[in-house]
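Here is what each chain is made of, one letter per residue.
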Amino acid sequence: MIHSTIRLFLFLTFLSQLGIGMIVAVYVPFLVRNGLTIFEMNLVNSVYFMTQLVCEVPTGVIADKIGRKFSYVLACLLKGIGIGLYGVSSTIPMFMLSEAVDAVGATCVSGAYEAWITDQLRALGYKGNMRTIFAREEFVTRVAQCIGAPLGVYIMLYDMRLPWIVSGGLLLCTGLVAAVLMREDRAYAQEPQRVVNDDATPIPDFPTSMIGAVLWCLRHPPLRYVIIVSTVMYFSFTAPNMQWLILCTRALGTDAWSGWIVTGIHISIIIGLTLMRRLVQHTGDEERALRVLFAFAGLGIVLTPLMPNMLTMFIVFFAHEVFRGGIDPVRRSYCNHHFPSRYRATLGSVLSLTHHVGGGIGLLVFGAIGMWSIPVAWIIAGGLLIFAALRTRTTQT
């Protein structure tokens with residue numbers, strides 16, 4: 001039963017990420033061909049982050065109260081509709097509406113999906129390290145997106161709306177499969193209202209408001225470190241995330257290679273996943289490993305636009321993706337070790353807030369800076385991440 005649950009988890013991941021991968025490489029070209037500037041693209045994308053900011057914690061609470069399976073199926077439905085709507089849109093207001101629908105779906109899945117697999121496996125008696133499961137999930141994600149990215153670009157040659165429609169259909173299919181096959185043991189709901197930390201210190205009743213949940217996490221040093229640095233990370237990552245295609249197109253003279261560059265990004269991340277376990281073993285714990293991964297990812301962002309030629313630029317760019325690849329499974333394992341099961345989805349949603357706050361602000365800031373100078377935007381972004389990774393303090397519990 002444990003192995004079949006893990007296989008279902010990875011299959012649902014593959015199916016959904018195949019659909020998402022189909023729009024990764026066509027997102028910016030699609031908006032450009034609809035006449036949007038860099039700032040307008042970032043403004044449209046900021047709706048996604050702002051919607052997530054508002055909805056994140058409430059949907060996490062719903063997942064903990066009603067069920068993680070319900071939340072995941074609803075997420076697939078909303079994301080499928082939002083992405084499909086994008087494909088038939090051509091104006092900024094419609095793009096914003098599509099982003100908002102997709103964002104609500106994303107908040108339903110964030111926290112709930114990993115909470116489901118973590119507590120379901122524990123209910124079945126799984127004794128292994130969740131870092132291994134999350135690394136396998138990330139590996140499957142990258143393989144699916146490696147397939148989806150060039151496929152989306154190829155389909156766009158026939159009709160630039162088609163990748164969005166196919167992607168939305170795949171997400172709706174994922175929701176159908178999940179509704180039929182997912183099983184949920186809700187033993188976590190029977191946990192006592194008051195739980196304890198690893199050091200047996202009682203944890204007060206958990207607040208369900210967004211501000212209260214964030215403040216609760218900030219009182220716990222390991223979570224405080226991850227929240228602060230993750231916010232800076234997502235703030236910094238908006239520069240390369242939104243501008244890598246423009247930078248690479250200027251170097252290559254065409255965007256025809258965008259799908260293969262995305263494939264290269266995913267291969268780099270897969271390499272990072274394979275090296276992640278050795279790094280944790282070498283540094284001695286997950287917190288030190290996170291500091292190394294954050295700092296070197298930031299260094300790569302700084303150096304990429306400073307490289308003297310196209311070859312070295314791509315080498316450094318893909319190298320920074322290697323370090324980015326190791327961050328997510330280590331970070332999620334580190335946090336889930338400190339999350340009480342009863343509130344796991346809600347706490348996962350709090351962690352996701354770092355993505356929305358940092359990413360939403362970063363889109364506006366680096367969108368404005370990028371209109372003046374993309375290299376300057378990358379240097380500032382990477383420098384801030386290095387500083388936060390090395391200077392933010394915490395204590396182990």
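From a predicted model like this one, the values you see are computed outputs, not experimental measurements. (Residues numbered from 1 in each chain as written. Predicted model: local features only at pLDDT ≥ 70, side-chain atom pairs only at ≥ 80, totals over all residues. Heavy atoms only, no water.)

### Some thoughts on the overall build of the protein chain
Part 1 of the argument: For the protein chain, the helix and strand inventory stands at 15 helices and two strands.
Part 2 of the argument: For the protein chain, the proportion of its 397 residues judged to be buried stands at 58%.
Part 3 of the argument: Approximately 16100 Å² of the protein chain is accessible, and the part contributed by carbon and sulfur atoms is 69%. (Helix = DSSP H or I, 4+ residues; strand = E, 2+ residues; numbered from the N terminus. Buried < 20%, exposed > 50% of the residue type's maximum accessible area, 1.4 Å probe, protein only. Areas by Shrake-Rupley, 256 points an atom, 1.4 Å probe, with all protein chains shown as cover.)

### A closer look at helix α10 (residues 221–252)
Since the α-helix packs 3.6 residues into each turn, any two residues three or four apart lie on the same face.
Part 1 of the argument: Spanning 32 residues, α10 covers 45 Å between terminal C-alpha atoms, matching the ideal 46 Å at 1.5 Å per step.
Part 2 of the argument: Among the 32 residues in α10, 23 count as buried, and that is most of the element.
Part 3 of the argument: A positive phi of about 85° marks G253, the residue just after α10. (Expected span 1.5 Å × (residues − 1).)

### Observations concerning a nonpolar patch on the surface
Part 1 of the argument: On the surface, F296, L299, L303, L306 and I379 cluster together into a nonpolar patch covering about 390 Å² of accessible area.
Part 2 of the argument: Per element, the largest residue contribution to the nonpolar patch is three residues, and it comes from helix α12 (residues 286–303).
Part 3 of the argument: Topologically, L299 is positioned in helix α12.
Part 4 of the argument: In this structure L299 comes out as partly exposed when scored by relative accessible area, which is 35%. (Patch = residues over 30% accessible without salt bridge, like charges linked within 9 Å, V, L, I, M, F, W, Y side chains within 5 Å. Salt bridge = Lys/Arg side-chain N within 4 Å of Asp/Glu carboxyl O.)

### A look at the packing of α10 against α12
Part 1 of the argument: Interaxial distance between α10 and α12 falls to 11 Å at its minimum, and their mutual angle equals 20°. Taken as axis vectors, α10 and α12 run roughly parallel relative to one another. Handedness of the crossing formed by α10 with α12: left-handed. Facing α10, whose interface residues are Y225, V226, V229, S230, M233, F237 and P240, α12 presents E287, L290, R291, F294, A297 and I301.
Part 2 of the argument: Of the residues that constitute the contact of α10 with α12, the class distribution is ten nonpolar, one polar and two charged. (Axes fitted to C-alpha atoms, helices over the stretch in contact; angles between N-to-C directions. Parallel < 35°, antiparallel > 145°, perpendicular 65-115°, else oblique. Left-handed = near helix turned anticlockwise from the far one by under 90°. Contact = heavy atoms within 4.5 Å. Nonpolar A, V, L, I, M, F, W, Y, C, P; charged D, E, K, R; others polar.)

### Points about the state of the cysteines
Part 1 of the argument: Per the stated rule, a full pass over the model turns up zero disulfides.
Part 2 of the argument: You can see C108 has no disulfide; the closest cysteine sulfur is in C55, sitting 8.1 Å from it.
Part 3 of the argument: Since its relative accessible area comes to 5%, C108 is described here as buried. (Disulfide = S-S within 2.5 Å.)

### Quick notes on the confidence of the model for the protein chain
Part 1 of the argument: The pLDDT averaged across the protein chain works out to 81; a share of 89% of its residues lies at or above 70.
Part 2 of the argument: Of all secondary-structure elements in the protein chain, the lowest mean pLDDT belongs to strand β1 (residues 195–196), at 42, while helix α8 (residues 162–181) reaches the highest, 93.
Part 3 of the argument: Confidence over residues 192–204 falls short of pLDDT 50; this stretch has 22 contacts with residues more than four positions distant or in other chains. (pLDDT = per-residue confidence, 0-100.)

### Overview of the nonpolar core
Part 1 of the argument: With 80 residues, the main nonpolar core has Y27, L31, Y86, W164, W244, F294 and W378 as its most contacted residues.
Part 2 of the argument: Tallying contributions element by element places α10 first for this core, with 16 residues.
Part 3 of the argument: Once residues lying within four places of it in the same chain are set aside, the contact partners of L31 are L36, M41, Y86 and F95.
Part 4 of the argument: Core analysis: the second largest hydrophobic core is formed by 18 residues, Y72, Y113, V140 and A178 among them. (Core = buried A, V, L, I, M, F, W, Y, C linked by side-chain atoms within 4.5 Å.)

### Observations regarding the environment of G370
Part 1 of the argument: Relative to the helices and strands, G370 resides in helix α14 (residues 344–372).
Part 2 of the argument: Since its relative accessible area comes to 6%, G370 is described here as buried.
Part 3 of the argument: Expressed as a C-alpha distance, the spacing of G370 and I38, which sit 332 residues apart in the sequence, is 7.7 Å.

### Comments concerning the packing of aromatic side chains
Part 1 of the argument: Applying the stated rule across the entire model yields 17 aromatic pairs.
Part 2 of the argument: Aromatic pair Y27 and W164: ring centres 6.1 Å apart, planes at 50°, arrangement tilted. Within this pair, whereas Y27 is found in helix α2 (residues 27–33), its partner W164 is found in helix α8, the two being separated by 137 residues in sequence.
Part 3 of the argument: We classify Y27 as buried; its relative accessible area is 13%.
Part 4 of the argument: The class of W164 is buried, set by a relative accessible area of 1%. (Phe/Tyr/Trp six-rings, centres within 6.5 Å; stacked < 30°, edge-to-face > 60°.)

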